[in-house]
Amino acid sequence: MSQNGTPKPHALRTAQPSDNMNNGFFGQDIISVRQFSPEKLTYIFGVADEMETLVRRFGSADMLSGKVLANLFYEPSTRTASSFMAAMVRLGGRVIPINEVHYSSVSKGESLPDTIRTLECYADIIVLRHPEVGAAQIAADYAAKPIINAGDGIGEHPTQALLDLYTIRKELGRLDGLKVAMVGDLKYGRTVHSLTRLLSRYNTEFYFVSPPILRLPEDMVAEVKARGLKAVEVEDVHEVISDVDVLYVTRVQKERFSDLALYDQVKDYYTVDPELMKMAKPKMALMHPLPRVGEISYAVDQDPRAAYFRQMENGMFIRMALLAAVLGKA
Ligand code: NCD
């Protein structure tokens, strides 16, 4: 395991003289947003800006030519899986996509550690999405090569939180002192968990908007308050809409409910529509990690404050920056 400055031994053994081993990411796992100091965030955002310029000017580069990424997804994904693939390919690397584990030896009962140890024979870096909290850490403990957590159950989704934070900075020009409402499934939404942790570094005022059964876990509310930050829990988005700089909307995570009758009670609990947006500030960012299943009406898509399509494009730039940094080429 390595997440705190020391590259994994394999990275040191195979380092090239041209590799940047001092970028704070080289040869490391990316498991949690807790690993990201303000300096590391600034660094990754700077590299992501460069990646955007590169993509707009040239489309691709050969920085990671010869490198192979294994994209191992035990849960469905459109954006995360394809943006990691696009990121690798645009930097000249190649991808082994395993997004249907039913067709791999996982369906024969192979364990996560053995699957990881197999893939690292073939790849230089592994991106993992898994339904269990802590799975990415387990994979990282077994792997000699870097693991990137692309979502571990209801735990964390660090690369999403990085792209979310990057998007907020781009949309609003700052990160300090923002009023942020997290709306929807705050209990099971891993993107909310990771982004709340990251935003807690800044002087953020939080509004947590959800039905009672989907409230943010108590320990997370306590974590925010322990930093001296304002954390207000409300049920109705109308109470906060006119105040906030960021409205971060999420889907109710149907797959996490053991009782679907409970899901039915809350699934249609809110919709952001043009009427609601009339009450919002003229300069604010409406965000969503996507997929949406009714929480934001299509009629809002043309609103200049609707940032969710820009947000998903930013995901590719952030993931290009992370891959290049971990593989020592940034
Ligand atoms: C999110 C996820 O998988 O946690 N999607 C994503 O990565 N953009 C959000 C969700 O599934 O609701």
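Here the structure is a predicted model, which is why all the values come from computation and not from measurement.

Q: How should I be thinking about the overall build of the chain in this particular structure?
A: Check the secondary structure of the chain and you find eleven helices and nine strands. Relative to a compact globule of 330 residues, whose C-alpha radius of gyration would be 20 Å, the chain shows 20 Å and is just as compact. When its C-alpha atoms are laid out on the principal axes, the chain stretches across 55 × 45 × 40 Å. Looking at the 330 residues of the chain, the share that counts as buried comes to 57%. The contacts of the chain with a sequence gap of at least 6 include a subset with a gap of at least 24, amounting to 72%. Entry remark: accessible area of the chain is about 14100 Å², with carbon and sulfur atoms responsible for 51%.

Q: Sorry if this is basic, but what is going on with the packing of helix α6 (residues 158-172) against helix α11 (residues 308-326) here?
A: When two helices pack together, their arrangement is given by the angle between their axes and by how far apart the axes lie. Contact geometry of α6 with α11 gives a least axis separation of 8 Å together with a crossing angle of 120°. In terms of orientation, α6 and α11 fall into the oblique class. Handedness of the α6/α11 crossing: right-handed. Contacts between α6 and α11 involve Thr159, Gln160, Leu162, Leu163, Asp164, Tyr166, Thr167, Lys170 and Glu171 from the first element and Arg310, Gln311, Asn314, Gly315, Phe317, Ile318, Arg319 and Leu322 from the second. Counted by class, the contact of α6 with α11 contains six nonpolar, six polar and five charged residues.

Q: Explanation requested: the pattern of salt bridges in the structure shown.
A: It is possible for side chains of opposite charge to pair when their charged atoms get near one another. Across all of its chains, the model carries 22 salt bridges by this definition. Note that Arg56 and Glu313 form a salt bridge whose closest N and O atoms lie 3.1 Å from each other. With a gap of 257 residues between them, Arg56 in helix α2 (residues 38-58) and Glu313 in helix α11 connect regions that are remote in the sequence. Its salt-bridge partner being Lys230, residue Glu205 comes within 3.6 Å of it at the nearest N-O pair.

Q: Would you explain helix α4 (residues 112-122) in this entry?
A: In an α-helix, one turn spans 3.6 residues; hence positions three or four apart end up facing the same way. Of the positions making up α4, those classed as buried are Leu112, Pro113, Thr115, Ile116, Leu119 and Glu120. The buried residues of α4 occupy an angular sector of 160° when projected down its axis, which confines them to one face. α4 presents Cys121 and Tyr122 as exposed residues on the side facing more than 90 degrees away from its buried surface. Buried residues in α4 make contact with β1 (68-73), β2 (94-98), β3 (125-130), α5 (135-142) and β4 (147-152).

Q: Can you walk me through the packing of aromatic side chains in this structure?
A: The description of two aromatic rings rests on the distance between their centres and on the angle between their planes. One pass over the structure, following the stated rule, counts eight aromatic pairs. Centre to centre, the rings of Phe25 and Tyr43 are 6.0 Å apart; their planes meet at 20°, and the pair counts as stacked. One end of the pair, Phe25, is in the loop between α1 (9-14) and α2; the other, Tyr43, is in helix α2, with 18 residues separating them in the sequence. For Tyr43, a relative accessible area of 26% corresponds to the partly exposed category. Judged by centre distance (4.8 Å) and plane angle (75°), the rings of Tyr269 and Tyr270 are edge-to-face. Here the aromatic cluster, defined as three or more aromatic residues joined through ring pairs, consists of Phe25, Phe36 and Tyr43. A cation sits over an aromatic face here: Lys40 above Phe25, 5.3 Å from the ring centre.

Rules used throughout
- Residues numbered from 1 in each chain as written.
- Predicted model: local features only at pLDDT ≥ 70, side-chain atom pairs only at ≥ 80, totals over all residues.
- Heavy atoms only, no water.
- Helix = DSSP H or I, 4+ residues; strand = E, 2+ residues; numbered from the N terminus.
- Rg over C-alpha atoms; globule rule 2.2 N^0.38 Å.
- Buried < 20%, exposed > 50% of the residue type's maximum accessible area, 1.4 Å probe, protein only.
- Contact = heavy atoms within 4.5 Å.
- Areas by Shrake-Rupley, 256 points an atom, 1.4 Å probe, with all protein chains shown as cover.
- Axes fitted to C-alpha atoms, helices over the stretch in contact; angles between N-to-C directions.
- Parallel < 35°, antiparallel > 145°, perpendicular 65-115°, else oblique.
- Left-handed = near helix turned anticlockwise from the far one by under 90°.
- Nonpolar A, V, L, I, M, F, W, Y, C, P; charged D, E, K, R; others polar.
- Salt bridge = Lys/Arg side-chain N within 4 Å of Asp/Glu carboxyl O.
- Arc of directions from axis to C-beta.
- Phe/Tyr/Trp six-rings, centres within 6.5 Å; stacked < 30°, edge-to-face > 60°.
- Lys NZ or Arg CZ within 6 Å of the ring centre and 35° of its normal.

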